[in-house]
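Spelled out from the first residue to the last, the chains are:
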Amino acid sequence: MTALDVRELVTEAAALYRDRPHAVAMLHECLERLEEPLRVGFVGTPGTGKSTLVSALSEWPTRALRDLDLFDTPALAEHVDATVRLVRHLEPDELAGARPVGGSAFARQSAVNSVLVLGRADEVGAGRIDALLTAKQLARRAWREDPNCAGFQGVIAVAGQLGYAGRALRDDEFAVLRALATVSRQELERYLLSVDSFVDDPFPVGVPPESRKHLVSRFGLYGVRLAITLIRTGCESRLKLSAELVHRSGLGDLRDALAGCFVARAEALKARTAVLRLEGLLAAEPIPHGDRLAARVERFAAAAHDFRELRLIADIRGGRTALSGEVAEEAARLLGAQGLAPTERLGLEPGADPAEIHAGAESALAGWRHEAERADAAHAERAAARVIVRSVEGLLSLFVA
């Protein structure tokens, strides 16, 4: 499925619906949105940190996210191309409620547009200093083992408030945190047990209550404790502390997931949204020759290799295939997990010449064709190898005049 194919399909549908102005308006809106940035909606129950996370990512000047529109306002599914779903806990009941819904056959076959986020990861384990590490381990385990997570492109633990504050850490905030870090661990420990004990006087160092309240409102008590620990263990500059807080918050992991799963496949995901809306219109308001359009929608699902690649990348990274180690990394790379350019898929330098790219693709094709035809391999392994073979054949087709 290409964007051009979808434009032709939607344009043809608009002609068939020409005597129904509301349908024509909707279809024209679909065409316009194909030219706009990818829309990513953040959804979840109140208190999961949607607004903080959207603010942290939206105000992050990074190339990886520049082609996304992020928003946390409630919206109909048809108004977003991809979804970040937040939960507070990775409990079975909550995960079952967060699982992507089925919908039509096309919607199910192309359901590669959701990432699950364990928001407020700093609250895991009652906010112990190792909360974020534990939260990341829980997220990885849930993605590998919980069938409710199988429909997501990733399960990521994020402490949004910490990431937001860490990314915008100011000099005056760093100065206060550094002053607190000069107090011995034993002496300061009891003041870090609760917000009340941290902001009340008396306090063991000359930091005004207003400054302490500001720190708690910006970083949370967990963030204050973590920042002080990091300064004591070597983050001696604002920039170094800022980078470490962002890294530990999981914000960078989420950014990379959005870039890899959504930005790189933006055209396919926007086309998916347009096709789903057209499919809904055909079902709600049948028209003469509409069956012809419906048949083309079905063919899109069968031919859309982008969606097969994304599903297989998620299965590989979620540990749901027999691939592991370097072989799994090679498979994910060839599928486009690290970028869709031929050099990125083949693990070559950006300036590699065409002959080197061609030779790399032929070598990969031979290896994965062998895997696809192995009689002793399980059906699922051969099927996965065939998807990779199709991806590499696509690379080689670029060399055909």
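Just so it is clear, the model here is predicted, and its values are computed rather than measured. (Residues numbered from 1 in each chain as written. Predicted model: local features only at pLDDT ≥ 70, side-chain atom pairs only at ≥ 80, totals over all residues. Heavy atoms only, no water.)

Moving on, we come to the overall build of the protein chain. Scanning the protein chain for helices and strands turns up 20 helices and five strands. Over its C-alpha atoms, taken along the principal directions, the protein chain stretches across nearly 80 × 55 × 40 Å. In the protein chain, which comprises 401 residues, the share counted as buried stands at 47%. Look at the contacts in the protein chain between residues 6 or more apart in sequence, and 73% of them connect residues 24 or more apart. Of the accessible surface of the protein chain, which amounts to about 19200 Å², a share of 53% is contributed by carbon and sulfur atoms. Of the charged side chains in the protein chain, 50 are positive and 56 negative, and the gap between their average positions amounts to 2 Å. (Helix = DSSP H or I, 4+ residues; strand = E, 2+ residues; numbered from the N terminus. Buried < 20%, exposed > 50% of the residue type's maximum accessible area, 1.4 Å probe, protein only. Contact = heavy atoms within 4.5 Å. Areas by Shrake-Rupley, 256 points an atom, 1.4 Å probe, with all protein chains shown as cover. Lys, Arg positive; Asp, Glu negative; His and termini not counted. Charge placed at Lys NZ, Arg CZ, Asp CG, Glu CD.)

Below, the discussion takes up the nonpolar core. Of all hydrophobic cores here, the largest spans 51 residues; its most connected members are Leu-90, Leu-116, Leu-177, Leu-180, Phe-198, Phe-219 and Leu-241. The dominant element in this core, judged by the number of residues it contributes, is helix α11 (residues 209-232), at eleven residues. Residues within four places of Leu-116 in sequence aside, it is in contact with Arg-85, Val-87, Leu-90, Leu-95, Ala-98, Cys-149, Phe-152, Gly-154, Val-155 and Ile-156. Core analysis: the next-biggest nonpolar cluster, separate from the first, contains 32 residues, Val-115, Val-117, Leu-251 and Leu-269 among them. (Core = buried A, V, L, I, M, F, W, Y, C linked by side-chain atoms within 4.5 Å.)

To continue, consider the packing of helix α8 (residues 171-181) against α11. Two numbers describe how α8 lies on α11: the axes approach to 10 Å, and their chain directions differ by 55°. Relative to α11, the element α8 lies oblique. The two elements α8 and α11 meet at a crossing, and its hand is right-handed. For the pair α8 and α11, contact is made by Glu-173, Phe-174, Val-176, Leu-177, Arg-178, Leu-180 and Ala-181 and by Ser-211, His-214, Leu-215, Arg-218, Phe-219, Val-224, Ala-227, Ile-228, Ile-231 and Arg-232, respectively. Its residues assigned to classes, the contact of α8 with α11 comprises eleven nonpolar, two polar and four charged. (Axes fitted to C-alpha atoms, helices over the stretch in contact; angles between N-to-C directions. Parallel < 35°, antiparallel > 145°, perpendicular 65-115°, else oblique. Left-handed = near helix turned anticlockwise from the far one by under 90°. Nonpolar A, V, L, I, M, F, W, Y, C, P; charged D, E, K, R; others polar.)

Before going further, it helps to spend a moment on the packing of helix α7 (residues 160-167) against helix α12 (residues 238-249). Across the interface, α7 lies against α12 with an axial gap of 8 Å and an inter-helix angle of 160°. Comparing their axes, α12 and α7 come out roughly antiparallel. Of the two possible hands of crossing, α7 and α12 adopt the one that is left-handed. Between α7, through Leu-162, Gly-163, Gly-166 and Arg-167, and α12, the contact on the second element is made entirely by Ser-242, Leu-245, Val-246 and Ser-249.

Residue placement: Gly-127 occurs in the loop between β4 (114-118) and α6 (131-145). Gly-127 sits in the buried class, given a relative accessible area of 7%. Taking C-alpha positions, Gly-127 is 34 Å from Ala-328, a pair spaced 201 residues apart along the chain. Not counting residues within four places of it along the chain, the set of residues in contact with Gly-127 comprises Asp-122, Tyr-222 and Arg-225.

Let's shift gears to the pattern of salt bridges. Under the counting rule described, the total for this entry stands at 28 salt bridges. Between Asp-256 and Arg-255 there is a salt bridge whose closest N-O contact spans 3.1 Å. A salt bridge links Arg-374 to Glu-371, with the shortest nitrogen-to-oxygen separation between them at 2.9 Å. Residue Arg-374 is classed as partly exposed on the basis of its relative accessible area, which comes to 23%. Overlapping salt bridges bring together Arg-170, Asp-172, Glu-173 and Arg-218 as one network. (Salt bridge = Lys/Arg side-chain N within 4 Å of Asp/Glu carboxyl O.)

Further remarks concern the confidence of the model for the protein chain. Do not read the predicted coordinates in detail wherever pLDDT is low. The pLDDT averaged across the protein chain works out to 89; a share of 97% of its residues lies at or above 70. Averaged over each element, pLDDT in the protein chain is lowest for helix α5 (residues 105-109) (78) and highest for α12 (96). (pLDDT = per-residue confidence, 0-100.)

Once that is clear, we can look at helix α16 (residues 305-317). A rise of 1.5 Å per residue sets the reference length of α16, with its 13 residues, at 18 Å; its end C-alpha atoms lie 18 Å apart and thus fit the reference within 8%. Those residues of α16 that sit buried are His-305, Phe-307, Glu-309, Leu-310, Leu-312, Ile-313, Ala-314 and Ile-316. At the C-terminal side of α16, Gly-319 shows a positive phi close to 75°. (Expected span 1.5 Å × (residues − 1).)

Our focus in this paragraph is the side chain of Lys-136. Mapped onto the elements of the fold, Lys-136 is located in helix α6. A polar contact of 3.5 Å, which involves the side chain of Lys-136, links it to the backbone oxygen of Arg-248. For Lys-136, the residues in contact, after removing those within four places along its chain, are Ala-157, His-247, Arg-248, Gly-250 and Asp-253. (Polar contact = N/O pair within 3.5 Å; in protein donor to acceptor, adjacent residues only side chain to side chain.)

Right, let's get into the sheet that holds β4. Here five strands make up an open sheet; going across it, the order is β2-β1-β3-β4-β5 and the pairing parallel. Edge positions in the sheet fall to β2 (68-71) and β5 (155-157), since each of these pairs with one other strand and no more. In this sheet, neighbouring strand axes are inclined to one another by 25° on average, regardless of whether the strands run parallel or antiparallel. Across three bridges, β4 lies against β5 in parallel orientation. Looking across to β5, one finds that Leu-118 is bridged to Ala-157. (Pairing = 2+ DSSP bridges.)

Let us look at unusual backbone geometry. The step from Asp-201 to Pro-202 runs through a cis peptide bond, and the omega angle for that step is 0°. By the secondary structure assignment, Pro-202 is in the loop between α10 (195-199) and α11. Residues other than glycine seldom take positive phi values, yet Arg-120 does so here, at roughly 55°. Relative to the helices and strands, Arg-120 is located in the loop between β4 and α6. Here the phi dihedral of His-289 falls at roughly 70°; this positive angle occurs in a residue that is not glycine. Examined against the element boundaries, His-289 turns out to sit in the loop between α14 (266-284) and α15 (290-303).

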